Amino acid sequence: MKHYEVIIVGGGQAGLSASYCLKKENIHHLILDKGDIGDSWSKRRWDSFCLVTPNWQCRLPGFPYDGDDPKGFMLKTEIVDYVKRYAASFNPPIRTQVDVHRVFKKEETSPVFSIETSIGDFTADKVIIATGAYHIPNWLPMSKGFDTTIKQLHSVTYKNPEQLPEGRILVVGSGQSGAQIAEDLHLAGRKVVLSVGTAPRAPRRYRGKDAVEWLEDMGYYDQPITSHPDADAARHKTNHYLTGRDGGRDIDLRALAKEGMELRGQIKSVADGTICFNNDLKANLDAADETYNRIQRNIDAYITAHTIEAPEEEAYKAVWEPTIDNEQPIAYTKEGITAVIWCTGFRVKFDWIDFPDVFDERGYPTYQRGITQEKGLYFIGLPWLHTWGSGRFSHVAQDAEYISQHIKDDFEENEVIETCLNRKPH
């Protein structure tokens, strides 16, 4: 087949969820994926990676978590198995190991999309883009300032401490990846220097249960982007750092500093064998802790408002403060730094989608609940697509169901119009 009613580009959990919903509606479709099912989890995460949200929040459409540890956190291999079993549960129409080179229309007024791929050309009435937002590893320009003797890698290629040379390791960035990788190295006994950014942090547990469970009860994950005071900032904001490792816990950078991890502010420059940092370590730690405490206060208010019985717990108090030593430059060769891990996020790459009006000045798609201004073109699996939970295992089903229903309604409307146009007069 070369023509389909819908073609989905991307076969991760978002693309599979869309396929499940389309299949329920008997809509003829095909998934095209550049790898194999589960690849993004198995090949783009480190060995000790695990979910930061509890297993009970894994509820892909038609396939809620079915294991025996709902309050635990699946390891990387378990996540891959979950996604693969999901696909096997409904046998989606998918072609793997396919590169999609271009999505376009041969004529501007054409209702049909053209899709050029490594296995030939296809056409479709509608296209769903489900490739996520983590496309190109983001390297800061100053990475070029390091001597060639320093091993440099991005978080997407970090696997374990054993792949790094002996010596101290500089980790740049303290979002989810940076904080967890720094902890991974620290627990393995490696000497770590962490360049702390502006990422917020969140409590793992508070007043008797996981903070995620409180936030779910409070409706945070159902909060629509339309109610957010700054929607654009929300979509691009760094995720809170915490971990599901070893049953789940906070990541307290101050506590890690007391244990020997060296904390610095955001990296400023690299030249002539020296790393300079901004004098913002205290401000960044304080801001992260304020977010942590604000989440605690919001939970407190919810417990009070609903007269819920829950154990009392004190707010977090700082256990370590930076000193003047944390502001000094580092002569990295003299001080034994042999490797740098850049945990500095990703950039999107949608230049293969030939509809420039759909994207903003940063190349990020614009849409309403995944529906773009280009009729028949949709996005799914992006942060804050509609709610805080969009793009996660917990809420991608809602987005898939909404887009699938929109496609179904559009097809039915077109059938009615075509029937009316073709009806012969009496």
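Here, residues in each chain are numbered from 1, in the same order as that chain's written sequence. Totals for whole chains, interfaces and linings use every residue, but because this is a predicted model, local features are given only for residues with pLDDT of at least 70 and side-chain atom pairs only at 80 or more, for both listing and counting. In computing side-chain properties, one takes all heavy atoms of the structure into account and sets aside hydrogens as well as water.

Outline the sheet that holds strand β16 (residues 267-271), listing residues and values.
When DSSP finds at least two bridges between two strands, those strands are taken to pair. To qualify as a helix, a DSSP run of H or I must reach at least 4 residues; to qualify as a strand, a run of E must reach at least 2; elements of each kind are numbered from the N terminus. Ordered in space as β16-β17-β18, the 3 strands form an open sheet in which the pairing is antiparallel. Because the sheet does not close on itself, it has two edges, and the strands there are β16 and β18 (330-331). Summarising the sheet, strand β17 (residues 274-277) and β18 pair through 2 bridges and their orientation is antiparallel. The residue of β18 that forms the bridge with Ile 275 is Ile 330.

Please give an account of the environment of Arg 369 that cites residues and values.
Take Arg 369: it is sitting in the loop between β20 (346-347) and β21 (377-379). Arg 369 sits 112 residues away from Ala 257 along the chain, and the two C-alpha atoms are 42 Å apart. Look past the residues within four positions of Arg 369 in its chain and what remains in contact with it is Leu 385, His 386, Tyr 402 and Ile 403. Polar contact is the term for a pair of N or O atoms within 3.5 Å; when the atoms are in protein, one must be able to donate a hydrogen and the other to accept it, and sequence-neighboring residues count only if both atoms are side-chain atoms. At a separation of 3.5 Å, a polar atom in the side chain of Arg 369 contacts the side chain of His 386. It only takes one pair of heavy atoms within 4.5 Å for two residues to be counted as in contact.

I'd love a proper account of the pattern of salt bridges, names of residues and values included.
Here a salt bridge means any side-chain nitrogen of Lys or Arg lying within 4 Å of a carboxyl oxygen belonging to Asp or Glu. Within the structure shown, the criterion is met by 29 salt bridges. For Arg 85, the salt bridge goes to Asp 66, with nearest N and O atoms at 2.9 Å. Here Asp 66 lies in the loop between β4 (63-64) and α3 (76-90) and Arg 85 lies in helix α3, a separation of 19 residues in the sequence. Taking the shortest distance from any N to any O, the salt bridge between Glu 312 and Arg 207 comes out at 3.3 Å. Separated by 105 residues along the polypeptide, Glu 312 in the loop between α8 (281-305) and β18 and Arg 207 in the loop between β13 (205-206) and β14 (209-210) bring together distant segments of the chain. Whether a residue is buried, partly exposed or exposed follows from its accessible area with a 1.4 Å probe, protein chains only, as a fraction of its type maximum: under 20%, in between, or over 50%, in that order. Looking at Glu 312, the relative accessible area reads 68%, which means it is exposed. The structure contains a network of salt bridges with shared partners spanning Arg 201, Arg 254, Lys 282, Asp 286, Asp 289 and Glu 321.

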